[in-house]
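# Breakdown of the fold
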Amino acid sequence: MNTIKVLILMGSKSDREVMQKTEAALDDFGVPYKTMIRSAHRTPEATMQAVRDAEAAGCQVFICAAGMAAHLAGVVCSKTVKPVIGVPIAAGPMQGEDALHSTVMMPPGLPVATVGINGAKNAALLAIQILALNDNGLSDKLLADRKAQAEAILAED
Ligand code: RP5
């Protein structure tokens with residue numbers, strides 16, 4: 001695996017459409033990442049291997065997206081002390097309510113930072129904010145992005 005800062009894991013190819021917003025934001029900020037499809041339930045061993053390989057490749061933040069009984073972020077958290085961001089995906093009859101609770105309600109001692117249902121862009125921005133703690137260039141880009149957002153809102157008057 002080439003050097004990366006972020007590993008994006010998603011439970012299924014069906015999560016890809018939502019998670020393209022994560023990739024787009026990381027691309028915008030020039031953050032190197034890799035995306036893999038790994039499932040907590042369907043491919044548990046391969047998921048653990050992906051965490052190990054990513055850490056060896058320099059990964060600093062994990063973003064894990066899954067729908068329904070969404071345990072991917074939690075099991076990744078169990079194997080790393082790097083920050084883990086969970087993205088509950090709206091899939092199945094409960095449209096993400098199940099994934100939200102499965103992702104956010106971690107037991108004490110194993111925190112997963114959970115964004116909103118389908119909050120793919122915010123997951124990327126939170127990862128970038130974590131990386132920006134040690135990267136002034138990323139901090140400057142985040143400040144410019146906030147300014148652009150404010151200007152866009154005010155321009156809507
Ligand atoms: C989860 O179940 C996946 O993350 C996906 O959101 C959902 C449905 O998966 P598929 O049946 O489309 O593979 O594991």
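Before any of the text, the structure's been laid out above.
Residues numbered from 1 in each chain as written. Predicted model: local features only at pLDDT ≥ 70, side-chain atom pairs only at ≥ 80, totals over all residues. Heavy atoms only, no water.

One finds Val6, Met19, Val31, Ile63, Val87 and Ile128 to be the most contacted residues of the largest nonpolar core, which totals 26 residues. Elements with a contribution of two residues or more to this core: strand E1 (6-10), helix H1 (16-28), strand E3 (61-67), strand E4 (84-89), helix H5 (120-132) and helix H6 (136-154). Here this core gets 8 residues from one element, more than from any other, and that element is H5. Membership of the second largest hydrophobic core comes to 21 residues, among which are Met36, Ala40, Ala57 and Ala66. (Core = buried A, V, L, I, M, F, W, Y, C linked by side-chain atoms within 4.5 Å. Buried < 20%, exposed > 50% of the residue type's maximum accessible area, 1.4 Å probe, protein only. Helix = DSSP H or I, 4+ residues; strand = E, 2+ residues; numbered from the N terminus.)

For the rest of this paragraph, the subject is the sheet that holds E4. Pairing in this open sheet of 5 strands is parallel, and the strands run E2-E1-E3-E4-E5 from one edge to the other. Bordering the open sheet on either side are strand E2 (33-37) and strand E5 (113-114), each of which pairs with just one other strand. Across 5 bridges, E1 lies against E2 in parallel orientation. Paired with Met10 across the two strands is Ile37, which belongs to E2. Where H1 meets the sheet, it contacts E1, E2, E3 and E4, and its direction lies at approximately 170° from that of E1. Most of the contacts of helix H4 (residues 97-104) go to E4, to which it runs at about 165°, and overall it touches E3, E4 and E5. (Pairing = 2+ DSSP bridges. Contact = heavy atoms within 4.5 Å. Axes fitted to C-alpha atoms, helices over the stretch in contact; angles between N-to-C directions.)

Near the ligand the following residues occur: Gly11, Ser12, Ser14, Asp15, Arg42, Ala66, Gly67 and Ala91. With respect to the ligand, the side chain of Ser12 contributes an N or O atom lying 2.6 Å from an oxygen atom. In this structure, Arg42 approaches the ligand through a side-chain N or O atom, which is 3.0 Å from an oxygen atom. Bound to the protein, the ligand loses 72% of the 360 Å² it would expose on its own. In terms of residue class, the shell around the ligand is made up of 2 nonpolar, 4 polar and 2 charged. (Near = heavy atom within 4 Å. Polar contact = N/O pair within 3.5 Å; in protein donor to acceptor, adjacent residues only side chain to side chain. Areas by Shrake-Rupley, 256 points an atom, 1.4 Å probe, with all protein chains shown as cover. Nonpolar A, V, L, I, M, F, W, Y, C, P; charged D, E, K, R; others polar.)

Let us look at the pairing of E4. Summarising burial for E4: 6 of the 6 residues are buried, a large majority. By the alternation rule, side chains of E4 split into Val84, Gly86 and Pro88 and Ile85, Val87 and Ile89, which are all buried. Taken together, the 6 bridges between E3 and E4 define a ladder with parallel strand orientation. Its bridge partner being in E4, Phe62 is matched across the sheet by Val84.

Moving on to the packing of H1 against H5. In the contact formed by H1 and H5, the axes pass within 7 Å of each other and the chain directions differ by 35°. Here H1 runs over H5; the crossing is right-handed. For the pair H1 and H5, contact is made by Val18, Met19, Lys21, Thr22, Ala25 and Leu26 and by Ala120, Lys121, Ala124 and Ile128, respectively. Looking at side-chain class alone, the contact of H1 with H5 contains 7 nonpolar, 1 polar and 2 charged residues. (Left-handed = near helix turned anticlockwise from the far one by under 90°.)

Its location among the elements puts Ile63 in strand E3. Separated by 45 residues in sequence, Ile63 and Pro108 place their C-alpha atoms 20 Å apart. Aside from chain neighbours lying at most four places away, what touches Ile63 is Val6, Leu7, Ile8, Leu9, Met19, Thr22, Ile85, Val87, Ala123, Ala124 and Ala127.

As enumerated under the stated definition, the model contains 0 disulfides in all. Free cysteine Cys64: the closest other cysteine sulfur is in Cys77, separated by 9.1 Å. (Disulfide = S-S within 2.5 Å.)

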